[in-house]
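# What the coordinates show
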Amino acid sequence: MKRFLLVLILSSSIHAETEEEFVEHITAAWESRDPEKILALYGENAVNDSEIRKLVMPRIELEAKTSRVKSASILPFTPGASGPGIMAGKILFTPSAQKSVALEMHNDDPKNTGSFTKISLLVKNTDGSFSLGVPTFKPFEWSGAKLDSFRISIKQPSEGELSPVAVVVETCDRVTWKTMSGNGPFQFGAHKILQLVIPPAKGGDQVTVEISRNDDEPFFKKTIDISNGAVVPIESTAH
């Protein structure tokens with residue numbers, strides 16, 4: 001019996017996937033630009049569950065056409081870094097995880113060229129393999145307006161390190177927040193951006209913020225003093 005257990009443990013160790021190997025699989029899947037290979041990174045549930053497929057596949061198909069991977073890395077995951085994801089008819093909750101995968105992407109779309117960071121949770125499966133975390137969701141009724149597409153960029157006049165920015169939004173009459181890392185552009189769907197919470201930056205005391213809605217000209221453009229951090233109101237909650 002002891003020998004059987006030892007063989008089983010050794011067998012599991014031999015076939016266990018390393019984080020570095022999973023990063024290679026992620027990079028290869030995105031370089032293939034095959035949506036099915038990218039979806040497979042989220043595990044068997046994502047591939048076989050029609051609800052999960054409907055949830056993540058439209059975004060995958062769009063990014064597979066327009067984006068490419070510059071680099072990939074494993075990072076610690078900070079619980080609560082973003083609020084629940086809210087969209088028309090669904091509230092998304094992230095699974096528990098201690099690490100995340102950061103993909104530095106470049107958008108080749110001529111209308112929206114630029115680099116951005118894509119963060120996904122890293123989940124360790126029972127068979128020793130890894131997958132990207134898929135959020136769970138609960139439905140709610142929503143028959144109001146469709147979500148607008150927002151684009152935020154934050155630029156510093158001098159080179160410096162900008163800490164993650166909290167973007168407080170209203171979506172389907174619910175207030176939550178998103179985390180913006182880097183200068184942008186940062187794109188997402190919502191009904192309103194209520195405020196930005198910008199920490200002090202290393203190497204610069206000012207930033208210029210631009211926000212546009214639905215690919216229109218920026219409706220917000222302002223240079224902001226962040227020497228002590230700043231809470232920047234954007235839109236009112238009044239209807």
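Below is a short write-up of the structure. If you're wondering where the values come from, they're calculated on a predicted model, not measured in any experiment. (Residues numbered from 1 in each chain as written. Predicted model: local features only at pLDDT ≥ 70, side-chain atom pairs only at ≥ 80, totals over all residues. Heavy atoms only, no water.)

Next up on the list: helix α5 (residues 50-66). Over its 17 residues, α5 runs 24 Å from end to end, which matches the ideal 24 Å to within 8%, given 1.5 Å per residue. Where α5 bends most, at V56, the angle is about 40°, and the proline P58 comes one to four residues later. What α5 keeps buried is the set I52, L55, V56, M57, I60, E63, A64 and T66. (Helix = DSSP H or I, 4+ residues; strand = E, 2+ residues; numbered from the N terminus. Expected span 1.5 Å × (residues − 1). Bend = angle between axes of the 7 residues up to and from the residue. Buried < 20%, exposed > 50% of the residue type's maximum accessible area, 1.4 Å probe, protein only.)

A few words now on helix α2 (residues 19-32). Relative to the 20 Å expected for 14 residues at 1.5 Å per residue, α2 spans 20 Å between its end C-alpha atoms, a close match to the ideal helical length. Inspection of α2 places F22, V23, I26, T27, A29 and W30 among the buried residues, and these make up the whole buried set. For α2, the angular spread of buried residues about the axis comes to 165°, placing them on one side. Of the exposed residues in α2, the ones pointing more than 90 degrees away from its buried face are E20, E24 and E31. Its buried side turned inward, α2 meets α3 (35-40), α5, β1 (67-76), β4 (99-107), β5 (114-124) and β6 (130-132). (Arc of directions from axis to C-beta. Contact = heavy atoms within 4.5 Å.)

So, on to the pattern of salt bridges. Under the definition given, this model contains nine salt bridges. Between E19 and K99 there is a salt bridge; the shortest N-O distance is 2.8 Å. Here the residue E19 occupies a position in helix α2, and K99 occupies one in strand β4, the gap between them amounting to 80 residues. Here D148 and R213 are joined by a salt bridge, their closest N and O atoms 3.3 Å apart. Taken together, the residues span a long stretch of sequence, with D148 in strand β8 (residues 148-155) and R213 in strand β13 (residues 206-213) at a distance of 65 residues. A residue is classified by how much of its surface remains accessible, and D148, at 22% relative accessible area, is partly exposed. One network of salt bridges, with partners in common, ties together R33, R68 and D108. (Salt bridge = Lys/Arg side-chain N within 4 Å of Asp/Glu carboxyl O.)

Ranked by size, the top nonpolar core spans 25 residues in total, and within it F22, I26, W30, L41, I60 and L132 carry the most contacts. Mapped by element, the contributors of at least two residues to this core are α2, α3, α5, β4, β5 and β6. No other element matches α5, which puts six residues into this core. If sequence neighbours within four positions are ignored, F22 has contacts with E17, L41, L122, F130, S131 and L132. Counting residues in hydrophobic clusters, the runner-up holds 24 residues, among them F186, I193, I198 and V207. (Core = buried A, V, L, I, M, F, W, Y, C linked by side-chain atoms within 4.5 Å.)

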